[in-house]
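Breakdown of the fold
This is what each chain is made of:
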Amino acid sequence: MDKNKVMPNCCYLFTKGILCLALVLGMKSVQAQQVKIGVISDFEETSEVQSYVEQIIAEADQTTGPSRQISLGASAYGISDVDAATKAYQELSSQTGIILALGSLSAKGISDEDNLQTPVIALGVIDPFLQKLPIEKGMSGKNNFTYIWQTRNLDEEINAFSEVYDFKNLVVFADAKSQPTIDEDKAFDFIDHLSNKMNSNLTVIPVGDNIQESIDKIPEEADAAYFTVLIGRPVEELKSLINHLNDRKIPTFSGSSRLIDHGVLGSLANKNDRNEVIRKLAIMVDDMLSGSNLSTMPVALDSKENFYLNIATARKIELPIPFSVLFSATIVNDDQELKTYSFEEIADKAIKANLNISISYFDLELSGLNVKSVRSNLLPSLDAGLTGSQINEERASAAFNTPERSLTADLTLSQVIYSEQAIAGLKISKYLQKAQEYGTQAQILDVLLETYSSYINVLAAKTNVRIQQENLQKTKRNRELAEIRVNLGASNNADLYRWEAELASANQFVIDAQTNLLEAKIQLNQLLANTLEYEYDVEDISLEDDLFEELRRDSFGEVLNTPESLQKASDFLVMESQKNNPNKKSLLENINASKRQLQQNKRLLYVPTVALTAQTSQFLARGGEGTELEPSFAALGLPGQQDNSWFVGVSVSYPILTGFQRNVAVQQAKVGLEQLNDSRILLDQTLELNIRSTMLNLLSAGTNIDFSKKASASALKNFELIQENYKQGRVTITQVIDAQQAALEADLGAALSVYQYINTHLQLQYIVGSFMTFETEEKKQDFKNRMEQYIINQD
C-alpha cells in the first residue's frame, strides 16, 4: 500500500471530524432568543383574563418556532384611565420586548404617545374612527404600534336581530371603561342613525365593576338588549345580567358568540372569533420579530359570521321564532328531549290508532251483524197482538161472535220451511263476511306499508337536511376562497357574485329540506290519527341497525345471487302472493258469493217458497150489543160465544208472472260473475308483475348501497381536490360548482340508498301479503323452508 496516499486521506478524515465537532458545539452554544411579552390591561387579573393571556403567549411561542422562546413578562392590570396606561407603558418598556395592550383605555393611552420605543399590539378596539386611533389605508401607520380591529357592521347585526324580534326600545350594553375613549359627537350621531333606521329607541348602558348598577339602569319599557364585546367582564357577572333579562322575557343579542353559551338569544358572529384574534396576534409577533414594522401590518380582522340562535333561550322567554330564521340559523343549546319512536312503536301505534283501520273494523262488525240479520229469516217468528175494537150496534151479533165492543189477544207463529232466497242469502252473507275479513287484513297491510314508507320518508328528509346544511357550509367556504382570490387580485368580482348566488340557492335548499322534513312528520302523524306529540323524532336505521341486517340476511336477499335463483324465487313469490294476498282472498270470497247468487237466481225460476203459519186468538172482554146470544138463536141450536180460536197452515208460494225479472236477475248474476273472474285474472297478473319488478328493484337497491357509498367517497375526494386547486387558481369556478354538485348528489344517493333498500324490501313483502320480517321466528323459518324446498324441486 502506498503510504503517500494513505496519509492525506487520514488527514482529510481527521480534519472533517474536527469541523463536524466544532459545528455541533457551535450549534449547542446557540440559544433560542428570549422574548418577554408584557401586558397592560384595563381589566383586573381574573382567571378568565389570565387564561386569555396564557393562550396568546402559547400561540405566539408556537408560531415563532424553536429559534425564539416567548414568555410572559411584567404586567399591569386594572388600568383606570389613559394616563395610567401611559404610565404603565413607560414602566414596562425597559422590562419587556413586546407590550400587549388589552382594552380600549390601554390602547388609547399608549397610541397617544409620540415615540414608542417598545412595540405595542392592542386588543379590544371597538372602532378606530370612533376612538380616534391611528389608521391609514387599513394600517396603523404609527411606528411600533398596531392593533387588531374585529370589523363589525353594527347596522347588519341590529338588522339581523330585528328579523328575530321587532323591538321598539333597544338597550345596548357597552364596556364602561371604553366610554372615555369614544368621541361622543360621533357616537351620538351613530346612535341617532341606528334609531332612525330601525325606527326604535336606543339606550346605551355602561357595564362596569358593579353589574347591579347596570341592571338597575334598564328602563321598564325596554323590550330588547344588545351586548357589545365585553372582554374583561367576569362570566358570572355577565350570566347574572343575562339571566335577569331572560327572566323579564327580554330578547338578547350579542356581537360575541361566546355569550350564546351563557344564555343570550342570538349572535351574528364567528364561533371561533377569539381563536382567530389570537392567531392573528401570534402572526403579527412573528412578523415583527422577523423584521417587519408593526405600522405596516393590516389591522382589520374580517371574521366570517354566522347567525347563531340559542333555541333553549327562545323557549325560556317564550319567543316565537320566524321560520326564515329557524331554517337558516345555526341552532345551539337545543337540549329539549323529544320523544323518539322506533320503527316497531310507530307500526303498533298505526294499527291501534289509524282511522282507516278503525273504519274497516267497523265494516267487519257490520258484516257480522248482517249475517245475523239474514239468518233471522230462517228462524221462527212469534208475534203477539192486542186489539180493542168497537163496531156499530146494528152489526153486533152474539151468533156471529161479533160483540159491539171487544178486547182480543192474538199470537201468531211463522216458520220458513224452505226459502231459496233465505238460504242463499245466509250463505252469501257469510261469503261477504269472509271477504270483509280479508279486506280488513288488506287495509291493515295498506296502512302499515304507508306508515313504514312515511317513517322512512322522515328519515330521508332528516338526512337531506343534514346534507344540505353541509353543502351550505361548503358553499360558504368557497365564497371565502373567492374573497381571498379577489383580495389578492387573482380573480375578479364575477366569481364572488356567482358564489353569492350559489349561497342564496344553498340557503333556499336548506329551507326546502327543513319544510320537507316538517311535512313528512305531519304526514306520519296523520297516519297515526295525530297521536304523536307536536315535536317528536324517530330512530334512524343505518347499515349497522338490526332491522337492516335482518332484511339483508332473510330468504329474499339470499336468493338474489344468480339469474336462475332470482327467477325461481320470483316464481315462488308469485305463487305465494296469488295464494296468500288478502286482496286475492277477498276477491275469491266475492266470487263465491256471486256464484251462490247465480245459483239462487236459477233456482228461483222453478222452486217455490214453503212456510208454516199458526195462530190463536182469545177474547179478553166483550161489551154492548151482541154480548149475549138471543133466545131465538139459542132455540135454533146455535152455539154460544167462543172465547178462543186457532188455526195451523202450510203455505206454498210461487210467483207466476214477474215481468221477466227472474230471467234478468240470472243474466245479471252471470255478467257479475264473469266480471269478477276477469278481475281475478287481472289481479293475478298484477301481482306477478309487481313481484317480478320489485324483485329486480330489490336487486338494484342492494347493489346500489355499496356502489353509491364508493361514489360518494370518490366524489368528495374529487371535490376537495378541485377546491384546493381553485384556491390556488388552477381551475375555474364552473369546475368547482360541478364538483360540489356531483359530491352533493353522490352524498344524497349514498345516504338514501339504505332507505330505498328497506322500502323496496317492505313493498315486496306487502305484495306477497305479509310483512314476514316482523312475524315470529317460527313463521319466518317455515316460509324460508317452503321457499328452499320449492327451489330444490325446480332443479
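Owing to the predicted nature of the structure, the values given are computational and were not obtained by experimental measurement.

Rules and cut-offs
Residues numbered from 1 in each chain as written. Predicted model: local features only at pLDDT ≥ 70, side-chain atom pairs only at ≥ 80, totals over all residues. Heavy atoms only, no water. Helix = DSSP H or I, 4+ residues; strand = E, 2+ residues; numbered from the N terminus. Rg over C-alpha atoms; globule rule 2.2 N^0.38 Å. Buried < 20%, exposed > 50% of the residue type's maximum accessible area, 1.4 Å probe, protein only. Contact = heavy atoms within 4.5 Å. Lys, Arg positive; Asp, Glu negative; His and termini not counted. Charge placed at Lys NZ, Arg CZ, Asp CG, Glu CD. Pairing = 2+ DSSP bridges. Axes fitted to C-alpha atoms, helices over the stretch in contact; angles between N-to-C directions. Core = buried A, V, L, I, M, F, W, Y, C linked by side-chain atoms within 4.5 Å. Patch = residues over 30% accessible without salt bridge, like charges linked within 9 Å, V, L, I, M, F, W, Y side chains within 5 Å. Areas by Shrake-Rupley, 256 points an atom, 1.4 Å probe, with all protein chains shown as cover. Salt bridge = Lys/Arg side-chain N within 4 Å of Asp/Glu carboxyl O. Expected span 1.5 Å × (residues − 1). Arc of directions from axis to C-beta. Right-handed = clockwise from strand over helix to strand, strands pointing away. pLDDT = per-residue confidence, 0-100. Phe/Tyr/Trp six-rings, centres within 6.5 Å; stacked < 30°, edge-to-face > 60°. Lys NZ or Arg CZ within 6 Å of the ring centre and 35° of its normal. Parallel < 35°, antiparallel > 145°, perpendicular 65-115°, else oblique. Left-handed = near helix turned anticlockwise from the far one by under 90°. Nonpolar A, V, L, I, M, F, W, Y, C, P; charged D, E, K, R; others polar.

Describing the overall build of the protein chain
- The number of helices and strands found in the protein chain is 24 helices and 18 strands.
- Rg of the C-alpha trace for the protein chain: 47 Å, well past the compact-globule value of 28 Å for 795 residues, more than 25% over.
- By its C-alpha atoms, the protein chain is 170 × 95 × 45 Å across when sized along the principal axes.
- A total of 795 residues make up the protein chain; the buried ones form 43% of that total.
- Taking contacts inside the protein chain between residues at least 6 apart in sequence as the whole, the part at least 24 apart equals 78%.
- Positive and negative side-chain charges in the protein chain, numbering 72 and 105 respectively, have mean positions lying 7 Å apart.

Looking at the sheet that holds strand β2 (residues 68–76)
- The strand order across the open sheet built from 5 strands is β2-β1-β3-β4-β5, with neighbouring strands paired in parallel fashion. Across the chains shown, the open sheet's two edge strands, defined by having one partner strand only, are β2 and β5 (145–147). Going across the sheet, the axis of each strand differs from the next one's by a mean of 25 degrees, ignoring polarity.
- Bridge count for strand β1 (residues 33–41) against strand β3 (residues 98–102) is 5 bridges, and the pairing is parallel. Bridging from a neighbouring strand, S41 pairs with L102 of β3.

A few points about the nonpolar core
- Of all hydrophobic cores here, the largest spans 65 residues; its most connected members are F343, I541, L573, I691, I758 and L762.
- Sorting elements by how many residues they give to this core places helix α15 (residues 420–487) first, with 13 residues.
- When residues no more than four places from it in sequence are discounted, the contact partners of F343 are Y452, Y455, I456, I541, L547, L762 and F774.
- Ranked by size, the runner-up nonpolar core spans 28 residues in total, among them I98, L123, I148 and A282.

Let's talk about a positive patch on the surface
- A cluster of like positive charges, contributed by K372, R375, K427 and K430, occupies part of the molecular surface.
- Secondary structure elements with two or more residues in the positive patch: α14 (355–375) and α15.
- Mapped onto the secondary structure, K427 falls in helix α15.

A few points about helix α7 (residues 184–198)
- Taking 1.5 Å as the rise per residue, α7 with 15 residues should run 21 Å; its terminal C-alpha atoms sit 21 Å apart, in good agreement.
- Along α7, the residues classified as buried are A187, L194, S195 and M198. For α7, the angular spread of the buried residues around the axis is 100 degrees, confining them to a single face. Exposed and facing more than 90 degrees away from the buried side of α7 are D185, F188, D189 and N196.
- The elements touched by buried residues of α7 are α5 (128–131), α6 (154–164) and β7 (201–207).
- Positive phi shows up at N199, right after α7, with a value of about 55 degrees.

Thoughts on a negative patch on the surface
- Taken together, the side chains of E184, D185, D189 and D192 make up a negatively charged region of the molecular surface.
- With relative accessibility at 56%, the residue E184 sits in the exposed group.

Thoughts on the pairing of β2
- Sheet analysis places β1 next to β2, joined by 7 bridges and oriented parallel. Its bridge partner being in β2, I37 is matched across the sheet by L72.
- Read from β1 through helix α2 (residues 47–64) to β2, the crossover connection turns out right-handed.

Structural notes on a nonpolar patch on the surface
- On the surface, L605, Y606, Y654, I656 and L657 cluster together to form a nonpolar patch covering roughly 590 Å² of accessible area.
- With respect to the secondary-structure elements, Y654 resides in the loop between β18 (644–653) and α22 (661–727).

Here we look at the sheet that holds strand β11 (residues 306–310)
- With mixed pairing, the 7 strands of this open sheet are ordered in space as β7-β6-β8-β9-β10-β11-β12. Edge positions in the sheet fall to β7 and β12 (330–332), since each has one partner strand and no second. Adjacent strand axes in the sheet meet at a mean angle of 20 degrees, parallel and antiparallel pairs treated alike.
- Of the pairings in the sheet, the one linking strand β8 (residues 224–227) to strand β9 (residues 252–254) comprises 3 bridges and is parallel in character. Bridge pairing in β9 links F227 to S254.
- On top of the sheet, α6 reaches β6 (169–175), β8, β9, β10 (266–269) and β11; it is set at about 145 degrees to β8, its chief contact.
- Sheet contacts for helix α9 (residues 235–247): β6, β8 and β9; angle to β8, the most-contacted strand, approximately 160 degrees.

Some points on the confidence of the model for the protein chain
- Summarising the model, the protein chain shows a mean pLDDT of 85, and 91% of its residues fall at 70 or more.
- Per-element averaging of pLDDT across the protein chain places helix α1 (residues 3–29) at the bottom with 43 and helix α20 (residues 582–603) at the top with 94.
- Low pLDDT, under 50, characterises residues 1–30; the predicted model gives this stretch 2 contacts beyond four residues in sequence or across chains.

A word on the packing of aromatic side chains
- What the rule picks out here adds up to 16 aromatic pairs.
- The ring of Y341 has K339 sitting right over it, with the charged end atom 5.5 Å from the ring centre.
- The side chain of R622 reaches across the aromatic face of F619, ending 4.2 Å from its centre.

Some words on the packing of α20 against α22
- For the pair α20 and α22, the least separation of the axes is 9 Å and the interaxial angle reads 160 degrees. By the criterion of interaxial angle, the relationship of α20 to α22 is roughly antiparallel. Judged by the sense of rotation from one axis to the other, the crossing of α20 with α22 is left-handed. In this structure, α20 contributes N583, K584, L587, L588, N590, I591, S594, K595, Q597, L598, N601 and K602 to the contact, and α22 contributes A665, V666, A669, K670, G672, L673, L676, N677, S679, R680, L683 and D684.
- When grouped by side-chain class, the residues that make up the contact of α20 with α22 number 10 nonpolar, 8 polar and 6 charged.

Side note on unusual backbone geometry
- Even without being glycine, E318 reaches a positive phi, approximately 55 degrees.
- Note that E318 resides in the loop between α11 (311–316) and α12 (323–328).
- The residue N530 is not glycine, and still its phi comes out positive at about 55 degrees.
- Topologically, N530 is positioned in the loop between α16 (493–527) and β16 (536–538).
- Relative accessible area serves as the criterion here: at 54%, N530 is assigned to the exposed category.

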